[in-house]
Amino acid sequence: MGTGTMLRRTARLAAGTVAALALVLSSVLFAQAPAQAGGGTFRHCYFVVDEDGMVERVCPEWEVPVEGPRKWWPKDCWVCLGLFEFEDFAVNPGERVSFYGQLGQGQTLLAQADLTKDEKLAEELRAEAAAAFFSAAKLIDKEGGVFYKGFTWVDPESGKVYGDPQPEPSLEFGRSIEAGLAYMQRAALEPAPLPWIESAMKEFAQANAAIEAIAAG
């Protein structure tokens, strides 16, 4: 079975149960900082080293309530972006940009699903998110994994990196991404992938909630 066929089948499997699960999770996890249409946007980035040893950043962006006083931001850098680093040796260096791109796309689709009032569209977006996360997980060597290393703030204009302050939700984000990818790896190997996809989507919803907690701080 080709990857495209598998992804389409995975998306169909995920559309029902995963969408319902994610809808319930989003109503709980995002209750303290509900995203509203017309709000601000927040970007975070993934630190990527490609096959040539060049450092790149993949930066998902979505609409979230960015409110004052931004307690997590460095005091002299309100434009800073959160930069997350993962131990990604299990991903081929030539595929790392694609890996983080798929990961970020899944996060953005989940965020879009939580903004829309169209339930059918929300289900479709969550199914597309599941397919994107699945695609990212397929790029991880089946004998390995991707593990959270740390978080810093970076000024996108000057390139200056700030080690502090460390936002508390960043650890929850990293652990949830780790777990979500591990579940999706299992889904790719199991003849009955749906339970693993459900578990993965719960973790990715928690990761998005942690990002919103940082943005709304």
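Scroll up to find the structure this text is about.
These figures come from a predicted structure and were not determined experimentally.

### What to know about the overall build of the protein
Part 1: Within the protein, the regular secondary structure consists of five helices and six strands.
Part 2: Ordered by position from the N terminus, the helices and strands of the protein form the series α-β-β-β-β-α-α-β-β-α-α.
Part 3: A separation of at least 24 residues holds for 75% of the contacts in the protein among residues at least 6 apart in sequence.

### Observations regarding the packing of aromatic side chains
Part 1: Under the definition given, this model contains twelve aromatic pairs.
Part 2: Each ring, one from F42 and one from W73, has its centre 5.7 Å from the other, and the planes form 80°; the classification is edge-to-face. Taken together, the residues F42 in strand β1 (residues 40-49) and W73 in the loop between β3 (61-64) and β4 (81-87) connect sequence positions 31 residues apart. Neither residue differs from the other here; F42 and W73 are each classed as buried.

### Comments concerning the nonpolar core
Part 1: Core analysis: the largest hydrophobic core is formed by 49 residues, its most contacted members being M184 and F204.
Part 2: The set of elements that each furnish at least two residues to this core consists of β1, β3, β4, α2 (96-115), α3 (119-138), β5 (147-154), α4 (169-189) and α5 (194-216).
Part 3: For this core, the element with the most residues is α5, which contributes nine residues.
Part 4: Those residues in contact with M184, other than ones at most four positions away along the chain, are A130, F133, F134, A137, I197, A200, M201 and F204.

### Some thoughts on the packing of α2 against α4
Part 1: Here α2 crosses α4 at 105°, and the two axes come no closer than 13 Å. Judged on the interaxial angle alone, α4 and α2 are roughly perpendicular. Along its contact with α2, which presents F99, L103 and Q107, the element α4 presents F173, I177 and L181.
Part 2: Residue composition of the contact of α2 with α4, grouped by class: five nonpolar, one polar and no charged.

### Let's talk about the pairing of β5
Regular strands show a simple pattern: their side chains alternate between the two faces of the sheet.
Part 1: Examined bridge by bridge, β4 and β5 share seven bridges and lie antiparallel to one another. Its bridge partner being in β5, F86 is matched across the sheet by Y148.
Part 2: For β5 and strand β6 (residues 161-162), the ladder comprises two bridges, and the chain directions are antiparallel. Residue pairing for β6: W153 is matched across the bridge by Y162.
Part 3: Hairpin connection between β5 and β6: a loop of six residues separates the two successive antiparallel strands, and G159 in this loop has a positive phi of roughly 85°.

### Here we look at a negative patch on the surface
Part 1: There is a patch of like negative charges on the surface, built from D118, E119, E123, E124 and E128.
Part 2: Within the secondary structure layout, E124 lies in helix α3.

### Looking at the pattern of salt bridges
Part 1: Applying the stated rule across the entire model yields four salt bridges.
Part 2: Here R96 makes a salt bridge to D88, at a shortest N to O gap of 3.6 Å.
Part 3: With a relative accessible area of 8%, D88 lands in the buried category.
Part 4: The closest approach of N and O atoms between R186 and E190, which form a salt bridge, is 2.9 Å.
Part 5: A residue is classified by how much of its surface remains accessible, and R186, at 36% relative accessible area, is partly exposed.

### Some points on the packing of α3 against α4
Part 1: One way to put it is that α3 packs onto α4 with a least axis distance of 8 Å and a crossing angle of 85°. In terms of their interaxial angle, α3 and α4 are classed as roughly perpendicular. The residues of α4 that touch α3, namely those facing A130, F133, F134, A136, A137 and K138, are L181, M184, Q185, A187 and A188.
Part 2: Split into classes, the residues belonging to the contact of α3 with α4 amount to nine nonpolar, one polar and one charged.

### Notes on the state of the cysteines
Part 1: For the structure shown, the criterion picks out two disulfides.
Part 2: Note on cysteine connectivity: C45 is disulfide-linked to C59, with sulfurs 2.1 Å apart. Around the S-S axis, the bridge from C45 to C59 shows a dihedral of about 105° and counts as right-handed. Of this pair, C45 sits in strand β1 while C59 sits in the loop between β2 (55-58) and β3, placing them 14 residues apart in sequence.
Part 3: Covalent S-S linkage joins C77 and C80, the inter-sulfur distance amounting to 2.1 Å.

Rules of the game
Residues numbered from 1 in each chain as written. Predicted model: local features only at pLDDT ≥ 70, side-chain atom pairs only at ≥ 80, totals over all residues. Heavy atoms only, no water. Helix = DSSP H or I, 4+ residues; strand = E, 2+ residues; numbered from the N terminus. Contact = heavy atoms within 4.5 Å. Phe/Tyr/Trp six-rings, centres within 6.5 Å; stacked < 30°, edge-to-face > 60°. Buried < 20%, exposed > 50% of the residue type's maximum accessible area, 1.4 Å probe, protein only. Core = buried A, V, L, I, M, F, W, Y, C linked by side-chain atoms within 4.5 Å. Axes fitted to C-alpha atoms, helices over the stretch in contact; angles between N-to-C directions. Parallel < 35°, antiparallel > 145°, perpendicular 65-115°, else oblique. Nonpolar A, V, L, I, M, F, W, Y, C, P; charged D, E, K, R; others polar. Pairing = 2+ DSSP bridges. Patch = residues over 30% accessible without salt bridge, like charges linked within 9 Å, V, L, I, M, F, W, Y side chains within 5 Å. Areas by Shrake-Rupley, 256 points an atom, 1.4 Å probe, with all protein chains shown as cover. Salt bridge = Lys/Arg side-chain N within 4 Å of Asp/Glu carboxyl O. Lys, Arg positive; Asp, Glu negative; His and termini not counted. Charge placed at Lys NZ, Arg CZ, Asp CG, Glu CD. Disulfide = S-S within 2.5 Å.

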